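# A structural walkthrough
Given next are the chains, with one letter for each unit.
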Amino acid sequence: MSAGAEIDVEHMNRAVAAAARVRLATSPRPWVGAVVVSEDGAVFEGATDGQRGPHAEVMALRAAGPQRAKGATLYTTLSPCQMCAGTALLYGIPRVVIGENRTFEASEQWLRANGVDVVVLDLPECVDLMAEFIAAEPQLWNEDIGVEDAS
């Protein structure tokens, strides 16, 4: 594994840990974690919380603030939705590293079309975390991604 890939996995592990804390808190929101790493190496964490509000990526970007986020890398356990992708573009994020995009993918091509380097790690721990959440809370998952519940 290259040094760059090792660093990506290290930062993604921080995002996974944030998502795991949401899971342990039995949050009624998807178990997603995100980390923003600024150009100077500062790390800002975000996770979904029990509120129907900002997603993990937005929380991490808010924690960093517009100045520190500009030029940073965004690490997220799940492929970002349109809201999170738009916020990343607004904050000037040139690189997004995604833990998994099997369960959800809505904006990767749009990010790429806007010059963002998108890397998908496809990590089993991210896949497993989302699969467990979707199995436990299918109605909440469908609501969160804007899909009509089939049940």
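Above this note sits the structure.
Just so it is clear, the structure is predicted and the values come from calculations on it, not from any experiment.

## Side note on the packing of aromatic side chains
Inspection of every chain in the model, using the stated rule, returns two aromatic pairs. Measuring from centroid to centroid gives 5.1 Å for Trp 31 and Phe 133, while their planes differ by 70°, and the two rings are edge-to-face. In this pair, Trp 31 sits in the loop between helix H1 (3-24) and strand S1 (33-37) while Phe 133 sits in helix H5 (residues 124-136), placing the two residues 102 residues apart along the sequence. The class for Trp 31 is buried, based on a relative accessible area of 8%. We classify Phe 133 as buried; its relative accessible area is 0%. Both rings, one in Phe 104 and one in Trp 141, keep their centres 6.1 Å apart while their planes meet at 85°; by these two values the pair is edge-to-face. Of this pair, Phe 104 sits in the loop between strand S4 (95-98) and helix H4 (108-113) while Trp 141 sits in helix H6 (residues 138-145), and the two are 37 residues apart along the sequence. With respect to class, Phe 104 is no different from Trp 141; both count as buried. The residue whose ring lies beneath Arg 23 is Trp 31, and the NZ or CZ to ring-centre distance is 5.7 Å.

## Digging into the layout of surface pockets
Where empty space is left in the structure can be found by rolling a water-sized probe over the atoms. Approximately 170 Å³ is the volume attributed to the largest pocket. Forming the walls of the largest pocket are 15 residues, and the residues nearest its centre are His 55, Leu 78, Cys 81, Phe 104 and Asp 144. Put simply, the parts of the chain that give the lining of the largest pocket at least two residues each are helix H3 (82-90) and H6. In terms of residue class, the lining of the largest pocket is made up of nine nonpolar, four polar and two charged.

## A look at H3
Those residues of H3 that fall on the buried side of the exposure criterion are Cys 84, Ala 85, Thr 87 and Ala 88. Considered in projection along H3, the buried side chains sweep an arc of 160° and stay on one side of the axis. Away from its buried face by more than 90 degrees, H3 exposes Gln 82 and Leu 90. Buried-residue contacts for H3 involve helix H2 (56-69), strand S3 (73-76) and H4. Just downstream of H3, Gly 92 is the residue with a positive phi angle, here 75°.

## Comments concerning the sheet that holds S4
Hydrogen bonding along the main chain pairs the strands of a sheet, whether they run parallel or antiparallel. Strand order in this open sheet of five strands is S2-S1-S3-S4-S5, and the pairing throughout is mixed. With one partner strand each, in any of the chains shown, strand S2 (43-47) and strand S5 (117-120) form the two edges of the open sheet. Here the average twist between neighbouring strands, direction ignored, is 15°.

## Comments concerning H6
What H6 keeps buried is the set Leu 140, Trp 141 and Asn 142. Buried-residue contacts for H6 involve H5. Directly after H6, the chain includes Gly 146, whose backbone phi takes a positive value near 75°.

## Looking at the pattern of salt bridges
Enumeration over the complete set of coordinates arrives at eight salt bridges. With a shortest N-O distance of 2.6 Å, Asp 8 and Arg 95 are connected by a salt bridge. Separated by 87 residues along the polypeptide, Asp 8 in helix H1 and Arg 95 in strand S4 bring together distant segments of the chain. Between Asp 117 and Arg 95 there is a salt bridge; the shortest N-O distance is 3.5 Å. Of this pair, Asp 117 sits in strand S5 while Arg 95 sits in strand S4, and the two are 22 residues apart along the sequence. Here Asp 117 falls in the partly exposed class, since its relative accessible area comes to 40%. Connected via shared salt-bridge partners are Asp 8, Arg 95 and Asp 117.

Rules and cut-offs
- Residues numbered from 1 in each chain as written.
- Predicted model: local features only at pLDDT ≥ 70, side-chain atom pairs only at ≥ 80, totals over all residues.
- Heavy atoms only, no water.
- Phe/Tyr/Trp six-rings, centres within 6.5 Å; stacked < 30°, edge-to-face > 60°.
- Helix = DSSP H or I, 4+ residues; strand = E, 2+ residues; numbered from the N terminus.
- Buried < 20%, exposed > 50% of the residue type's maximum accessible area, 1.4 Å probe, protein only.
- Lys NZ or Arg CZ within 6 Å of the ring centre and 35° of its normal.
- 1 Å grid on protein atoms, 1.4 Å probe; cavity = no way out; pocket = protein on both sides within 12 Å on 5 of 7 lines; lining within 4 Å.
- Points joined across faces, edges and corners; volume = space filled by probe spheres on them.
- Nonpolar A, V, L, I, M, F, W, Y, C, P; charged D, E, K, R; others polar.
- Arc of directions from axis to C-beta.
- Contact = heavy atoms within 4.5 Å.
- Pairing = 2+ DSSP bridges.
- Axes fitted to C-alpha atoms, helices over the stretch in contact; angles between N-to-C directions.
- Salt bridge = Lys/Arg side-chain N within 4 Å of Asp/Glu carboxyl O.

By themselves these figures say nothing about function.
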